[in-house]
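Residue-level listing of the chains:
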Amino acid sequence: RHGSARGIKAAFMEYNLITTPFVMICQHDNFFIQNVPLRSCVHLMSDYEGLGVGLSCLHFMSTATMNYTAKIRKRYNLDIASA
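**Here's the deal with the overall build of the protein**
The secondary structure content of the protein amounts to 3 helices and 0 strands. When the helices and strands of the protein are placed in sequence order, the string is α-α-α. Looking at the protein residue by residue over its 83 residues, the buried ones come to 5%. Contacts spanning at least 24 positions in sequence make up 23% of the contacts within the protein whose residues lie at least 6 apart.

**With respect to a nonpolar patch on the surface**
A contiguous nonpolar surface patch, about 440 Å² in accessible area, is contributed by M24, F32, L38, L58 and F60. By secondary structure assignment, the location of L38 is in helix α2 (residues 38-47). Here L38 falls in the partly exposed class, since its relative accessible area comes to 31%.

**Here we look at the layout of surface pockets**
Of the pockets and cavities examined, the largest pocket occupies roughly 1,300 Å³. Lining the largest pocket are 33 residues, with V23, M24, I25, C57 and L58 positioned closest to its centre. Elements with a contribution of two residues or more to the lining of the largest pocket: α1 (3-15) and α2. With 7 residues, α1 is the single largest residue contributor to the lining of the largest pocket.

**Describing the pattern of salt bridges**
On inspection of all chains with the given rule, the structure shows 1 salt bridge. Across the pair D79 and R73 runs a salt bridge, and its minimum N-O distance is 3.7 Å. Since its relative accessible area comes to 38%, D79 is described here as partly exposed.

**A word on the packing of aromatic side chains**
The final tally for this structure, using the stated rule, is 1 aromatic pair. Ring centres of F32 and F60 lie 5.4 Å apart, and the angle between their planes is 80°; on these two criteria the pair is classed as edge-to-face. A residue pair is termed long-range when its members are at least 10 positions apart, and F32 in the loop between α1 and α2 and F60 in the loop between α2 and α3 (68-76) qualify at 28 residues. Taking relative accessible area as the criterion, F32 reaches 42% and is therefore assigned partly exposed.

**Thoughts on the environment of L17**
As for its position among the elements, L17 is in the loop between α1 and α2. Taking the relative accessible area as the measure of exposure, L17 reaches 53% and is therefore exposed. Excluding residues within four positions of it along the chain, L17 makes contact with A11 and F12.

Conventions and cut-offs
Residues numbered from 1 in each chain as written. Predicted model: local features only at pLDDT ≥ 70, side-chain atom pairs only at ≥ 80, totals over all residues. Heavy atoms only, no water. Helix = DSSP H or I, 4+ residues; strand = E, 2+ residues; numbered from the N terminus. Buried < 20%, exposed > 50% of the residue type's maximum accessible area, 1.4 Å probe, protein only. Contact = heavy atoms within 4.5 Å. Patch = residues over 30% accessible without salt bridge, like charges linked within 9 Å, V, L, I, M, F, W, Y side chains within 5 Å. Areas by Shrake-Rupley, 256 points an atom, 1.4 Å probe, with all protein chains shown as cover. Salt bridge = Lys/Arg side-chain N within 4 Å of Asp/Glu carboxyl O. 1 Å grid on protein atoms, 1.4 Å probe; cavity = no way out; pocket = protein on both sides within 12 Å on 5 of 7 lines; lining within 4 Å. Points joined across faces, edges and corners; volume = space filled by probe spheres on them. Phe/Tyr/Trp six-rings, centres within 6.5 Å; stacked < 30°, edge-to-face > 60°.

Rendered as structure tokens:
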């Protein structure tokens, strides 16, 4: 078992499925709760590719992590916001 990222990469490499410079992968149990400027994100990734920024992947917060700081404070009595 290699996790989803390695599994997806292996499938693309083995079957040569990628024909575009970018691929968007969404997990079946995640959803967007507000509009996301995906076109702008892709343009930024494309425009700054050669400037040494190294942006090759974007992650969007899930509803499970939106209140992460408060969850950690409540569960462990730990304030990670000031860390």
